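# A structural walkthrough
The primary structure of each chain is shown beneath.
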Amino acid sequence: MDTSALIVVLLAAPLFAVVWSLLVRRLMGWANLLASLVCLPVSIALLAGADRPRQFFDRLLYLDRLGAWVLLCTAVVYLLSSMFALDYMRHGEDTGRLPNFYALFALFAWTMFAAPMANMVGVYWIGIELTTLVSTFLVGYERSAESMEAAWKYIIIVSGGISIALLGTVLLYWGGTFVLGPTYTLDWGTLDAIAPRMPTALLQMGFLLSLVGYGVKVGLAPMHTWLPDAHSEAPAPVSAMLSGALLNCAMLGIVRFLAATDAAGHGAWPHRVLIALGMASLILGALFILRQRGVKRLMAYSSVEHMGVVALGFGFGGVLGVFGALYHMLNHSLNKTALFIGAGSAVHRFGSHDMTRMRALPRTMPGFAWLWLAGAVAITGAPPFGLFRSELAVLLAGLQDSGTRWAAVLFLLLLIVIFVGFLNHFRIMFTRATPAMPTGPLPGVLAWLPMLLAVAALLVFGLWWPPLFSRWFGQIAHALGATS
Amino acid sequence: MLALHLNPVLASIFSLIAISALVLAFVMLGSRWLKDYMLAFAAQSWLIAILSALVGYAGGYTELYFVALLTALFRGLVLPLMLLWILNRLHVNRELHEIVRPSTAMVMGAALVIFAVVVAYRIGEAVHIETRTVILALTVMLSIKLIGFLMLAIRREAISSILGILLLENGVFLGSQILVPGMPLMIELVLLFDLLVAVTCFAVLVRYLLSAVGATGSQALQKLVG
């Protein structure tokens, strides 16, 4: 099949699930799962076929290896969380609203497939804004006071933040008019091409405003404030999608703006800004991980931390930094999905978000608890899991350059703090005795299966770095202008 | 670019519109009454629509007439009516829990405008354009943006937050009409549509907020911390 047909399939499958959920109103979860089962192989085929950047459909869509990589991460999370949704959502009280849930869920996936493929910078902005609008209703789905609060904060903070990126886009467009004349189309390829010739001040301001604007959506500290609330109050499959897929989609934009400043020869300072934001996210993530009671908030702050790691990877730059950051995107997507599956199942089992109520996990959630623990060990970057390799690559990239060595050392220290802090919560949950056996439902097959798949994949990626990935990463690093 | 080759009359009208839009932002900042915010927003949107049409006329961008029409229709009419509908359902007329008094807020706004002027002059120097219209457009764009954020920070009613967000986008719209009138039509159309969707979302959310939290002010939203 040719690439444009694959793109049509990728965008049509979630829409099919939306229409099915709204019209048929039966077996919505399975339709959604079917759609996600279609999306994963299609996204792999798109990634494999994206040898060079190409535009599709009257230059509306754009696909290069980097964009396709983000699509793959999204498709993986979509598949795993669609499985888990079937298990998680059957415990809800209000089944009458399930068709709406699955329709929104699939639509959310659709927006996250569409946004990374947007060719024009402005359309990408709209795509990211759409992801917010759709996912707000998913965050507020449970309609409790807490989830409404989370949804309200989410839409206000992210819409406000993303409007900063709109200002950045306008300034970049204005910068381009000095090169191409008053009317032209600002797409990603054009941005790279004109960046060296547009007025420096406008490129700088455009970059910084876009970085801050999309940084809100990525959850980089100190713009992360919506993230712990939204991730903790959304239903767990949605939390996995928010954390594993959405953050990457917004990170993609930042990477592309960064590449434009690199193409213009702006040197190290844009990278330094990204490193500073990444570092702030790591520090903040570490502090809040240490003292955390809510199990899903713990996972959310871990997302802030890991987006910090990805930001550091791209900030350190170089081939190694890009390799580490890209590998980390996929590993984090897999791992965070596994952790949210664990957290969601534990919340159902114990009837509470509070970790002080979750005790004696090996007895209260037999078997499953160990898988969850494996995921927790993996997320701290311990071997033999994939995140160990990607974090190591990012660390080495930082150590290469004497200007970023301090950041790399601090990064290592923070990783140790997070390792201790994160696993300490699990130690307590595993070893303390429980006053009474919890009465909530145990995780079913469709929680076990995605959990097993994710942890197994992490283990494989930890033991074996696929050479094909290296080839793709090499091409992406080359396209981003990374040398050395 | 267009703003460099304007005849003096048009340049003055552009400036007048930009400054009026800024004054309307201060009207929003200086009032306690939610209906005043909404009317000021509607008036500002009409000014932007007029500006779009004038830019279209001056630069020969026929598609901008279309944008002007839609701006007037959506931002000037449909959005304010939707907000009015929300207001009537909420039974709140004024900001009850102000963090800073309107007079203080206006002084803060003035400080932000001065900051915006300085930034605008610096940008003007950097790109070697010191035409008054361009500097003014930049100033107004940045000022309205900053005032929008100020409103988000100091107002607590849900409706004020929505208007704060809309104000942020009005600032960008106004500036972009003067600075980059050639920006593709499609983007502007989708932006308008996007805004409509956004406000619909806000409307639904406010309703749920009222039913779940029992209040429409963000001071009630303090459960999720840490």
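All figures in this text were calculated on a predicted structure; none of them were measured in a lab.

What follows concerns the overall build of chain A. From N to C terminus, chain A includes 19 helices and two strands. In terms of overall dimensions, chain A is globule-like: its C-alpha atoms have a radius of gyration of 21 Å, near the 23 Å expected for 484 residues. In terms of overall dimensions, chain A has C-alpha extents of about 70 × 55 × 40 Å along its principal axes. In chain A, 81% of the contacts between residues at least 6 apart in sequence involve partners at least 24 apart.

Counting its secondary structure elements, chain B contains seven helices and zero strands. Listed N to C, the secondary structure of chain B is α-α-α-α-α-α-α in terms of helices and strands. Put simply, 75% of the contacts in chain B that link residues at least 6 apart link residues at least 24 apart.

With that out of the way, let us pick up the nonpolar core. Nonpolar side chains in soluble globular proteins tend to be buried together. F105, A106 and V322 of chain A together with A21, M28, A137 and L167 of chain B are the most contacted members of the largest nonpolar core, which has 278 residues in total. Discounting residues that sit within four places of it in the chain, V322 of chain A has contacts with G313, F314, G317, F473, I476, A477, L480 and A482 of chain A.

Before going further, it helps to spend a moment on the interface of chain B and chain A. Taken together, the contacts link 36 residues of chain B with 36 residues of chain A. Among the elements of the structure, α4 (102-126), α5 (132-154), α6 (158-179) and α7 (185-212) of chain B are those that each provide at least two residues to the side of chain B that touches chain A. If one sorts the elements of the side of chain B that touches chain A by residue count, α7 of chain B sits on top with eleven residues.

Residue and element names in this part refer to chain A. Cis rather than trans, the peptide bond between A221 and P222 has omega equal to 0°. Along the chain, P222 falls in the loop between α8 (200-218) and α9 (226-233). The omega torsion of the bond from P383 to P384 falls at 5°, within 30 degrees of zero and hence cis. Looking at the element boundaries, P384 is found in the loop between α15 (368-379) and α16 (386-400). One non-glycine residue, D58, adopts positive backbone phi at about 55°.

All names here are of chain B. Counted at 1.5 Å a residue, the expected span for helix α3 (residues 63-90) with its 28 residues is 40 Å, and the 38 Å between its end C-alpha atoms agrees. Taken as a whole, α3 carries its principal kink of about 25° at V78; the proline P80 stands between one and four residues after it. A positive backbone phi angle near 55° is found at H91, which sits one or two residues after α3.

This next bit is on the packing of α15 of chain A against helix α18 (residues 445-463) of chain A. Residue and element names in this part refer to chain A. Interaxial distance between α15 and α18 falls to 10 Å at its minimum, and their mutual angle equals 35°. For the element pair α15 and α18, the recorded crossing hand is left-handed. In this structure, α15 contributes F368, L371, A374, G375 and A378 to the contact, and α18 contributes W448, M451, L452, V455 and L458. Broken down by class, the residue content of the contact of α15 with α18 amounts to nine nonpolar, one polar and no charged.

This part covers the packing of α16 of chain A against helix α17 (residues 405-431) of chain A. Residues and elements named next belong to chain A. Running from N to C, α16 and α17 point in directions that differ by 150°, and their axes come no closer than 7 Å. Comparing the axis directions of α16 and α17 gives the class roughly antiparallel. Contacts between α16 and α17 involve E391, L395, G398 and L399 from the first element and R405, A407, A408, F411, L412 and L415 from the second.

On to the environment of R54 of chain A, then. Residues and elements named next belong to chain A. Of note, R54 is situated in strand β1 (residues 54-56). As a C-alpha pair, R54 and A250 span 196 residues in sequence and 21 Å in three-dimensional space. Leaving out residues up to four positions away in the same chain, R54 has contacts with T3 and L63.

We now examine the confidence of the model for chain B. Residue and element names in this part refer to chain B. Considering every residue of chain B, the mean pLDDT works out to 84; 88% of them sit at 70 or more. By mean pLDDT, α7 is the weakest element of chain B at 69, and α4 is the strongest at 94. In the predicted complex, the global pTM is 0.94; the interface-specific ipTM is 0.92.

In this section: the environment of T133 of chain B. Residue and element names in this part refer to chain B. Inspection of the secondary structure assignment puts T133 in helix α5. On the basis of neighbour counts, which here come to 20 C-beta atoms within 10 Å, the residue T133 falls in the buried class. Sequence separation between T133 and V180 is 47 residues, and the spatial gap between their C-alpha atoms is 13 Å. Once you skip the residues sitting within four places of it in the chain, T133 turns out to touch A3, L6, A11, F14, S15 and I178.

Residues and elements named next belong to chain B. Within the element layout of this structure, E157 appears in the loop between α5 and α6. Judged by C-beta crowding, with 25 C-beta atoms within 10 Å, E157 ranks as buried. Placed 65 residues apart in sequence, E157 and V92 show a C-alpha to C-alpha distance of 8.8 Å.

Calculation rules
- Residues numbered from 1 in each chain as written.
- Chains lettered and ligands numbered in written order.
- Predicted model: local features only at pLDDT ≥ 70, side-chain atom pairs only at ≥ 80, totals over all residues.
- Helix = DSSP H or I, 4+ residues; strand = E, 2+ residues; numbered from the N terminus.
- Rg over C-alpha atoms; globule rule 2.2 N^0.38 Å.
- Contact = placed C-beta atoms within 7 Å.
- Core = buried A, V, L, I, M, F, W, Y, C linked by C-beta atoms within 7 Å.
- Buried ≥ 20, exposed ≤ 12 C-beta atoms within 10 Å, placed from the backbone.
- Expected span 1.5 Å × (residues − 1).
- Bend = angle between axes of the 7 residues up to and from the residue.
- Axes fitted to C-alpha atoms, helices over the stretch in contact; angles between N-to-C directions.
- Left-handed = near helix turned anticlockwise from the far one by under 90°.
- Nonpolar A, V, L, I, M, F, W, Y, C, P; charged D, E, K, R; others polar.
- Parallel < 35°, antiparallel > 145°, perpendicular 65-115°, else oblique.
- pLDDT = per-residue confidence, 0-100.

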